[in-house]
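These are the residues of each chain, in order.
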Amino acid sequence: MQRVLVTGGSRGLGKAAVDEFKRRGWDVVSPSRAELNLASGDSIRNYCEGLAATGRLDALVHSAGVNWPRPLEQTSEDEWQLTLQVNLTAFRQMVQLLAPLLARGRVVALGSILGVVARPNRAAYSASKAGLLGVVRALALDLANQETLINAVCPGYVDTDMTRQNNSEEQLAEIAKSIPLGRLGLPEEISKLVVWLCSLENTYITGQGVLIDGGFTCH
Ligand SMILES: NC(=O)c1ccc[n+]([C@@H]2O[C@H](COP(=O)([O-])OP(=O)(O)OC[C@H]3O[C@@H](n4cnc5c(N)ncnc54)[C@H](OP(=O)(O)O)[C@@H]3O)[C@@H](O)[C@H]2O)c1
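Quick notes on the rules
- Residues numbered from 1 in each chain as written.
- Predicted model: local features only at pLDDT ≥ 70, side-chain atom pairs only at ≥ 80, totals over all residues.
- Near = placed C-beta within 6 Å.
- Helix = DSSP H or I, 4+ residues; strand = E, 2+ residues; numbered from the N terminus.
- Nonpolar A, V, L, I, M, F, W, Y, C, P; charged D, E, K, R; others polar.
- Buried ≥ 20, exposed ≤ 12 C-beta atoms within 10 Å, placed from the backbone.
- Pairing = 2+ DSSP bridges.
- Axes fitted to C-alpha atoms, helices over the stretch in contact; angles between N-to-C directions.
- Contact = placed C-beta atoms within 7 Å.
- Parallel < 35°, antiparallel > 145°, perpendicular 65-115°, else oblique.
- Left-handed = near helix turned anticlockwise from the far one by under 90°.
- Right-handed = clockwise from strand over helix to strand, strands pointing away.
- Expected span 1.5 Å × (residues − 1).

Q: When you look at the site of the ligand in this model, what are you seeing that I'm missing?
A: As a matter of local geometry, the ligand sits amid 25 residues, with Gly 8, Gly 12, Gly 65, Thr 160 and Met 162 nearest to it. Elements supplying a minimum of two residues to the shell around the ligand: α1 (12-23) and α5 (161-166). Looking at the shell around the ligand residue by residue, the class counts come to eleven nonpolar, eleven polar and three charged.

Written as structure tokens, this is what we have:
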């Protein structure tokens, strides 16, 4: 049985990935925030060292993320740092700590279209997601010699808590109109791609950010 660690598995896209992995017979490790707090380097180190002691890992999915839209003048250093820590730095820390276990394995980080295009009030979030694309490319090179394939899945607007917290009903209706396919994505549509990239069917894609956005970034 293949084994995967999924962060952010309590809700949204992480929960959809957990469900899809389980449907396909994977052994899923999905710690709560109390068990693995990605805001804390110590928590990450303790958790990953504990996991490493229990044996092998075939895949890592980093779905946990935060997005607090703020006008530039209200962006605090604390929120900026926390956004970068949870969305970006935690990913590099986990890959670094778990690299020996992930030999010949797969890694997927949840990026975003906002790592590629911009939207007002989202500088910290965009910085973290654009940074993820750079880290994914660099780590794909660093770990190519141990055949670890590392990619980002970059969704557009998907119907989750995060999207509903950050957009009013009116904004969601406008967003849906601006998407060529005419609707928000569903978490299951994203998780199928995440799980496929983690599967042994993916033998040659590494270092990529795969957009999955209903055509949003085509215009
Ligand atoms: N939804 C979208 O439209 C969309 C679009 C593009 C990219 N994405 C990306 O996809 C990923 C998942 O998004 P989502 O919509 O599923 O988000 P969500 O519904 O807001 O869920 C966020 C997840 O992150 C976890 N988390 C947040 N801070 C954490 C911390 N310090 N330590 C551990 N876990 C933490 C949450 O755990 P708790 O339950 O403990 O809070 C939760 O499981 C994110 O990286 C997001 O940026 C989402």
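On we go.
Q: Just checking my understanding: could you explain the environment of Thr 54 for this structure?
A: Within the fold, Thr 54 resides in the loop between α2 (41-53) and β3 (59-62). For Thr 54, a count of 10 C-beta atoms within 10 Å puts it in the exposed group. Taking the C-alpha atoms as reference points, Thr 54 and Leu 82, 28 residues apart in sequence, are found 29 Å from one another.

Q: Please explain the sheet that holds strand β6 (residues 209-212) as it appears in this structure.
A: By definition, the strands of a sheet pair up through backbone hydrogen bonds, in either a parallel or an antiparallel sense. Strand order in this open sheet of six strands is β2-β1-β3-β4-β5-β6, and the pairing throughout is parallel. The strands lining the two open edges of the sheet, one partner per strand, are β2 (27-29) and β6. Pairwise comparison of adjacent strand axes, ignoring direction, gives a mean angle of 20° for this sheet. Bridge analysis of strand β1 (residues 3-7) against β2 gives three bridges, and the strand direction is parallel. Paired with Arg 3 across the bridge in β2 is Asp 27. The strands touched by helix α4 (residues 123-142) within the sheet are β4 (106-110), β5 (149-155) and β6, with β5 carrying the most contacts at an inclination of about 160°.

Q: Honestly, the packing of α2 against helix α3 (residues 77-98) in this entry has me stumped. Any pointers?
A: The axes of two packed helices give the description: the angle between them and the distance between them. Remark: α2 packs on α3, axes separated minimally by 10 Å, with the N-to-C direction vectors making an angle of 30°. The angle between α2 and α3 places the two elements in the roughly parallel class. Seen along the crossing, α2 lies across α3 with a hand that is right-handed. Here Gly 41, Ile 44, Arg 45, Cys 48, Glu 49 and Ala 52 of α2 lie close against α3, whose contacting residues are Ala 90, Gln 93, Met 94, Leu 97 and Leu 98. Class assignment of the residues belonging to the contact of α2 with α3 gives a composition of seven nonpolar, two polar and two charged.

Q: Teacher, can you tell me more about the pairing of β3 here?
A: Side chains of β3 alternate between two faces, with Ala 59 and Val 61 and Leu 60 and His 62 buried alike. As paired elements, β1 and β3 share four bridges and run parallel to each other. Residue pairing for β3: Val 4 is matched across the bridge by Ala 59. In this structure, β3 lies alongside β4, joined through four bridges in parallel fashion. Counted as the bridge partner of Leu 60 is Val 107 from β4. A crossover connection joins β3 to the parallel β4 through α3; in handedness this β-α-β unit is right-handed.

Q: Would you mind going over unusual backbone geometry with me for this structure?
A: Excluding glycine, residues mostly carry a negative phi; peptide bonds, for their part, are mostly trans. Backbone geometry places Asn 121, a non-glycine residue, at a positive phi of 70°. Looking at the secondary structure, you find Asn 121 in the loop between β4 and α4. By the C-beta count within 10 Å, which is 15 here, Asn 121 ends up partly exposed.

Q: Can you help me understand the packing of α3 against α4 in this one?
A: For the pair α3 and α4, the least separation of the axes is 9 Å and the interaxial angle reads 15°. Put simply, α3 runs roughly parallel to α4. Judged by the twist between their axes, the crossing of α3 over α4 is right-handed. Where α3 approaches α4, its residues Glu 79, Trp 80, Thr 83, Leu 84, Asn 87, Leu 88, Phe 91, Arg 92 and Val 95 are matched on the opposing element by Ala 124, Tyr 125, Ala 127, Ser 128, Lys 129, Gly 131, Leu 132, Val 135 and Leu 139. The residue inventory of the contact of α3 with α4, partitioned by class, reads eleven nonpolar, four polar and three charged.

Q: Honestly, α1 in this entry has me stumped. Any pointers?
A: End to end, α1 covers 17 Å across twelve residues, agreeing with the expected 16 Å (1.5 Å per residue, within 8%). Within the span of α1, buried status applies to Gly 12, Leu 13, Gly 14, Ala 16, Ala 17, Val 18, Glu 20 and Phe 21. On its buried side, α1 packs onto β1, β2, β3, β4, α5 and α7 (187-198). Immediately downstream of α1, the backbone of Gly 25 shows phi near 85°, a positive value.

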